[in-house]
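# Observations on chain architecture
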Amino acid sequence: MNAGTEVVVARTGVANLAAVVAALRRAGARPVLSDRAGDVRDAGAVVLPGVGSFAAGMRALVDTGLDLALRDRVRDGRPTLAICLGMQLLGLASAESPGVEGVGAVDARYARFAGEIRVPQIGWNAVVAPPEARILANGDAYFANSFRLDRAPDGWTAAWSGHGGSFVAALERGAVVACQFHPELSGAFGAGIVERWIAAARREVCAC
Amino acid sequence: MLKKRVIPCLDVRDGRVVKGVRFQSLRDAGDPAERAALYAEQGADEIVVLDVSATLEQRGARLATVASVRERLPIPLTVGGGIRDEEGARALLEAGADKVALNSAAVVDPGLVERLSGRFGAQAVVVAIDAARVGSGWRVVVRSGTTATEIDAIAWAVEAARRGAGEILLTAWDRDGTRSGYELELIGAVARAVRVPVIASGGAASARHMVEALRAGADAVLAASIFHDGETTVADVQRVLASEGLEVRT
C-alpha cells in the first residue's frame, strides 16, 4: 500500500544516507535525495536523517535553506520523519553545540546523558509508546546518541526509553515523527514505524 | 537499559565470507549479503564485516560488498579492514556502513580517530584493539597480529575513547580462533577503564563463553566461526543469555 510513494530524503552532507534509502525501498517507497529547499518544502513526505554533530548539521541546513523549509513543514504538520540528530536539529538547541540555534520547530533542548552509564548510548533499548500513538509502538530500537531530551514538549505524543534515567525516545504529532533511535536500523520494529509513517503520509497527501 | 548485543562477524576476502582467516586455511562460507541477512533474521543485533583483503586495488570490490549487504540489512553494519584515512572511511559510510572500525591505522596515527569522530560523529567510529598478553598486562599488536608493539592495550583503549572512539572492539589475539573462551580479565580491565561500550572478541566457542564475557563487563559479544559452522544460531545464544538473566533484544 506504500508502493511508489515518493519520499524526499534531505541530504545534509553530514549523514550517510544508504541505510535510510535502503529502509525506504524495503518499505516500498521511492526515495529521492535532495538538498534543495524547494523540494523539501513541497514534497509530500520528507525524511531528515542525521548523524554527526549538532553544529555541523545546522550549518548544512542553514547553508541550503532547509532549516526554514523544515520549520514550516513541521509547524504545518506535513509528513516528516526526523531521525537521531535530525530529531535534535528540529529542536531549539543542544548542549553539544552551545550557542547554535536549532530549526526551532519543536520546543526541545538536548542535554548530555549523565550518570554512571555508557556514553555514547550505542545499542538496543526498549521503547514504550502510549496507547494513543498511531505510528510509534512498543519495542526494542537501535540508538546511537550522547545527547537526549528528558521532557516531552507540549502538543506531542512521546514514547520513552531509559538510560541513566528516562528520556524521550520519539515524538509523534499527526504525520510528523521524530525518533531519537534509528528506525532504519531497528529491524522489524523500525520497519513497522517507517511503513506506518509512509501510510500516514499517503493519507495526508490524498486528503489535499 | 541497554540490551547486551550479539554480533556475528563476517571475515570477507574477495567478496566472499571466509573462515579460518587467521590460520591461513581459508574455507568459503558464502555470500556476505546472504549471510548477513540470515543472521539478521536470527535476531543478530548488528553485523561486523572485516574485509581482510582490503588492499588498494580491491577497494572497489569492497564497496560493492558493503552496498549489497546494506541493501538487505535492517540492523547496524560496521566495516573494518585497511581503513587508512578519512577518504577511505567516507567511501565506506557512503556505501552503507553505519560505522567504520579502525585498527592499525589508528595506532600509527591516533589523530585519525579524532578526525573521523569530528567529521562523522563518535557513533560511527569503532577502534579495534588486538591485544596479546605480555606478563601481567596486555600489549597492542598490529597488522593482523604480525607486529607486536610496546603500547599498553588498556592505556590505548582509554586514549582511543578520549580521542573520540564511540566503541572499543577488543580482541584477545592469543585467544582468537582457540575456542577457549574470551579473555575475561582483559575485558574487565578495559570495560572499567572506559565509558564507551566494549565489544568482546576472540575465543568464543559457545553461548556460555558469551555469558562470561558479558558478566565480565562487555556490552556486546562478537563471534564468527560458531555461527558460520551452524553449531549455534544467534537466537539460540540469545535464549541462553536471557535464561542467565542478561537483557537481550526481543
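For the structure, see preceding data.
Residues numbered from 1 in each chain as written. Chains lettered and ligands numbered in written order. Predicted model: local features only at pLDDT ≥ 70, side-chain atom pairs only at ≥ 80, totals over all residues. Heavy atoms only, no water.

This part takes up the sheet that holds strand E9 (residues 147-148) of chain A. Residue and element names in this part refer to chain A. The strand order E5-E6-E9 describes an open sheet built from 3 strands, whose pairing is mixed. Whereas interior strands pair on both sides, the edge strands pair on one side only; in this sheet they are strand E5 (93-94) and E9. Here 2 bridges tie E5 to strand E6 (residues 109-112), and the two strands are oriented parallel to one another. Bridge pairing in E6 links Ala93 to Arg109. (Pairing = 2+ DSSP bridges. Helix = DSSP H or I, 4+ residues; strand = E, 2+ residues; numbered from the N terminus.)

Taken together, the contact between chain A and chain B spans 28 residues of the former and 36 residues of the latter. Buried area between chain A and chain B, both sides added, is near 2,600 Å², and the carbon and sulfur share of it is 52%. Of all residues in chain A, the largest losses of buried area upon contact with chain B belong to A:Arg118, A:Ile122 and A:Trp124, amounting jointly to 31% of the total for that side. The tally of links between chain A and chain B comes to 3 salt bridges. The shortest N-O distance in the salt bridge between B:Glu71 and A:Arg25 comes to 3.4 Å. At the boundary of chain A and chain B, one finds 19 residue pairs in polar contact (both at pLDDT 80 or more). Secondary structure elements with two or more residues in the side of chain A that touches chain B: helix H1 (18-26), strand E7 (121-127) and strand E8 (139-145) of chain A. Residue contributions to the side of chain A that touches chain B peak at 6 residues, all from E7(A). For the side of chain A that touches chain B, a count of residues per class yields 13 nonpolar, 10 polar and 5 charged. (Contact = heavy atoms within 4.5 Å. Buried area = accessible area lost by both parts, 1.4 Å probe. Salt bridge = Lys/Arg side-chain N within 4 Å of Asp/Glu carboxyl O. Polar contact = N/O pair within 3.5 Å; in protein donor to acceptor, adjacent residues only side chain to side chain. Nonpolar A, V, L, I, M, F, W, Y, C, P; charged D, E, K, R; others polar.)

What follows is about the pairing of strand E10 (residues 157-162) of chain A. Remark: a regular strand shows side chains that alternate across the two faces of the sheet. Relative to strand E11 (residues 166-173) of chain A, E10(A) runs antiparallel, the two sharing 6 bridges. Paired with A:Ser161 across the bridge in E11(A) is A:Phe167.

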